[in-house]
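Remarks on the overall topology
Residues per chain are reported as follows:
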Amino acid sequence: MTPARLDHCKEILERLIAFETVSTDSNFEMIHYLAGLLTESGATVDVMTSPEGGKANIFATLGESRQGGLLLSGHTDVVPVEDQAWSSDPFKMVEKDDRLYGRGTCDMKGFIAACMASLDVLKDASQYQPIHFAFTHDEEVGCLGAHTLVQEMRERDLRPRLAIVGEPTSMRIIEGHKGCCEYTVTFSGTDGHGSRPEIEVNAVEYATQYVTRLLEVRKELEARAPEGSQFVPPWSTINVGALHGGSAHNVIASKATLEWETRPVNMADLNYVKDEMAACQNALIDRMHSVSSKADIHLEIIGETPGLEPMKNNEARDLVSTLTGANGSDLVPFGTEAGLFQGLGMDVVVCGPGSIEQAHKADEFVSLEQLDLCLDMLARLPRALAASA
Ligand SMILES: [Zn+2]
């Protein structure tokens, strides 16, 4: 890559790092900065403010059509820096030993900076196929921005065909990861004297029956592992993360809360788990109600991020292989927004500069070499899209 382009990318990244876009805070300033760069380059830019306000997503397009073509996707938020021992101000980018340090350098403002520093080549590429950009808020707290963006894309018929999600993969091609779905279940019983269990509803006892069913379903998932699954383990998992309830030996427990998660390898498994647990919940509620109509079970969805399901045919994988020269692709154990885009019928891969090893840590960095590889990938897009147009 030309040193000038890498320098341009560094300048943009320095600006992006200075926007303190920790998930709890507004990302407006960064969104407006990006919207400005995109508009200057001739893109059609939609800034979509979140329903709660204070945050926004961007969807932008270079080229004539808002359908087909390639989507470049990144999240604008970063994880907090509290209680981390940084060697320098995390929101002031520092260059040292061919590395750029700062919160978000690798996860994942480096990718966004590379896209912005390549707007001229991307514009060139857009004469063959449209190039879209999706920059979202609140990825780190459950892909909240991407959920609303995908909804909006569905409603407005914004349909790119391929997507590259630029999470840090050391520029390796990632074609799959499990989903991550988290739930909190609250069991409300009736309190009473420990000597009269037959006339009360013991919330802890109902919680343990729910957990028993969860563990059975977990076992059933093993038999449902897709053939040839490359995931570790190859099947969908369930974890019982926390169970709290009750107060003392001789008191019937009136409250219990259970926190559990599932990491599905595909949508079918997620639906299976949800259906089975809904049936279990209903059966338990019926039994509770036969003792007291005041008793209840409430399920709260904390977050549901679908996985990226590896597909036999994946044009995005083929495109990125052509661009980077990489042969082969991998799976990763961390979640991304990719599965949400796949849910829209797009071919999706995850590929971006920097290593997940540095993400979320003190002294997060991206190497200049990684940024350069990403810029190279983008620079090859015009030729690749011309060839496949
Ligand atoms: Zn990320």
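Heads up: the structure comes first, above all this text.
Cut-offs used in this document
The residue count restarts for each chain, going from 1 along the sequence in the order it is written. At least 70 in pLDDT is required for a residue's local features to be given in this predicted model, at least 80 for side-chain atom pairs to be given and counted, and no such filter applies to totals for whole chains, interfaces and linings, which use all residues. The basis for the side-chain values is all heavy atoms of the structure; hydrogens and waters are excluded. Helical segments are the DSSP runs of H or I of at least four residues, strand segments are the runs of E of at least two, and each set is numbered from the N terminus. For each residue, the accessible area found with a 1.4 Å probe, counting protein chains only, is set against the maximum for its type, and the residue is called buried under 20%, exposed over 50%, and partly exposed in between. Every residue pair with non-hydrogen atoms within 4.5 Å of one another is taken to be in contact. Here the open area of atoms and residues is found with the Shrake-Rupley method and a 1.4 Å probe, where only the protein chains shown may cover a residue. Asp and Glu are treated as the negative residues and Lys and Arg as the positive ones, with His and the ends of the chain left uncounted. Each charge is placed at NZ for Lys, CZ for Arg, CG for Asp and CD for Glu. Interaxial angles span 0 to 180 degrees and are taken between N-to-C directions of axes, which are lines fitted to C-alpha atoms, for helices over the stretch in contact. Any angle between 65 and 115 degrees counts as roughly perpendicular, while under 35 counts as roughly parallel, over 145 as roughly antiparallel, and the rest as oblique. Note on convention: near helix rotated counterclockwise from far helix by under a right angle means a left-handed crossing. Clockwise means right-handed. Gly is placed with the polar residues, together with every amino acid not listed as nonpolar (Ala, Val, Leu, Ile, Met, Phe, Trp, Tyr, Cys and Pro) or charged (Asp, Glu, Lys and Arg). Counted as donors are N, O and S atoms no farther than 2.8 Å from the metal, or 3.2 Å for Na, K and Ca; water is not among the atoms, and sites may therefore look incomplete. For four-coordinate sites, all angles between 85 and 135 degrees define a tetrahedron; for four- and six-coordinate sites, opposite donors beyond 155 degrees with the remaining angles between 65 and 115 define square planar and octahedral shapes respectively, and all other cases count as irregular. Multiplying 1.5 Å by the helix residue count minus one yields the expected span of that helix. A pair of strands is treated as paired once DSSP finds two or more bridges between them. Side-chain atoms within 4.5 Å are what join buried Ala, Val, Leu, Ile, Met, Phe, Trp, Tyr and Cys residues into a set we call a nonpolar core. Aromatic pairs are defined between Phe, Tyr and Trp rings, using the six-membered ring for Trp, whenever the two ring centres lie within 6.5 Å; interplanar angles under 30 degrees are classed as stacked, those over 60 as edge-to-face, and all others as tilted. Any Lys NZ or Arg CZ found within 6 Å of a ring centre and within 35 degrees of that ring's normal is scored as a charge over the ring.

Moving on to the overall build of the protein chain. On a plain count of helices and strands, the protein chain comes out with 11 helices and 17 strands. Residue burial in the protein chain is summarised as follows: out of 389 residues, 52% are buried. Considering only contacts within the protein chain whose residues lie at least 6 apart along the sequence, 80% involve residues at least 24 apart. Counting every atom, the protein chain has about 17200 Å² of accessible surface; 49% of that belongs to carbon and sulfur. Computing the positive centroid from 32 side-chain charges and the negative centroid from 58, the protein chain places the two 3 Å apart.

It is worth spelling out the packing of helix α3 (residues 105-117) against helix α10 (residues 368-379) at this point. Running from N to C, α3 and α10 cross one another at 45°; their axes reach a closest spacing of 9 Å. As judged from the angle between their axes, α3 and α10 are oblique. Where α3 crosses over α10, the handedness of that crossing is right-handed. Residues G110, F111, A114, C115 and A117 of α3 form the contact with α10, whose participating residues are L371, C374, L375, M377 and L378. Across the contact of α3 with α10, the residue classes break down as 9 nonpolar, 1 polar and no charged.

Turning next to the coordination of the zinc ion. In an ideal tetrahedron of four donors about a metal, each angle is 109.5 degrees. In an ideal octahedron of six donors, the angles are 90 or 180 degrees. Taken together, H75 (NE2), D107 (OD), E167 (OE) and E167 (OE) make up the protein donors of the zinc ion, found 1.9 to 2.7 Å from the metal. Around the zinc ion sit 4 donor atoms; with metal-centred angles ranging over 53 to 140°, the donor geometry is irregular. Binding-site remark: the zinc ion is held by donors from one chain whose sequence spacing is H-x31-D-x59-E. Here E167 lies in the loop between β7 (162-165) and β8 (174-176) and D107 lies in helix α3, a separation of 60 residues in the sequence. The same class applies to D107 and to E167, which are both buried.

Let us now look at α10. Compared with an ideal rise of 1.5 Å per residue, which puts 12 residues at 16 Å, α10 spans 16 Å between its outermost C-alpha atoms and is within 8% of the ideal. L368, Q370, L371, C374, L375, D376, M377 and L378 are the residues of α10 that are buried.

Quick look at the sheet that holds strand β14 (residues 296-305) now. An order of β11-β13-β9-β14 is seen for the 4 strands of this open sheet, with the pairing classed as antiparallel. Of all the strands in the sheet, just β11 (237-245) and β14 have a single pairing partner and so form its edges. The mean inter-strand angle of the sheet, taken between neighbouring strand axes irrespective of direction, is 15°. Where strand β9 (residues 180-188) meets β14, 9 bridges bridge the pair, whose relative direction is antiparallel. When the bridges of β14 are listed, T184 appears paired with E300.

On to the nonpolar core, then. Ranked by internal contacts, the top residues of the largest apolar core, which has 60 residues, are L72, M116, F133 and M377. For this core, the element with the most residues is α3, which contributes 9 residues. Beyond its immediate chain neighbours, meaning those up to four positions away, M116 contacts H8, I12, L34, L37, L38, F133 and F135. Grouped together as the second largest cluster of nonpolar side chains are 26 residues, V201, A207, L258 and W260 included.

Quick look at the packing of aromatic side chains now. Scanning the model with the defined rule gives 5 aromatic pairs in all. Where Y101 meets F365, the ring centres are 5.4 Å apart and the plane angle is 50°; that geometry is what we call tilted. You can see Y101 sitting in strand β5 (residues 99-101) and its partner F365 sitting in strand β17 (residues 365-367), a full 264 residues away along the chain. Each member of the pair, Y101 as well as F365, carries the same accessibility label: buried. Each ring, one from F187 and one from Y210, has its centre 5.6 Å from the other, and the planes form 75°; the classification is edge-to-face. Placement of the pair is F187 in strand β9 and Y210 in helix α6 (residues 203-223), with a sequence separation of 23 residues. Sitting over the ring of F365, R99 keeps its end group 3.9 Å from the ring centre. Here R224 stacks its cationic end above the ring of Y272, 4.2 Å away from the centre of that ring.

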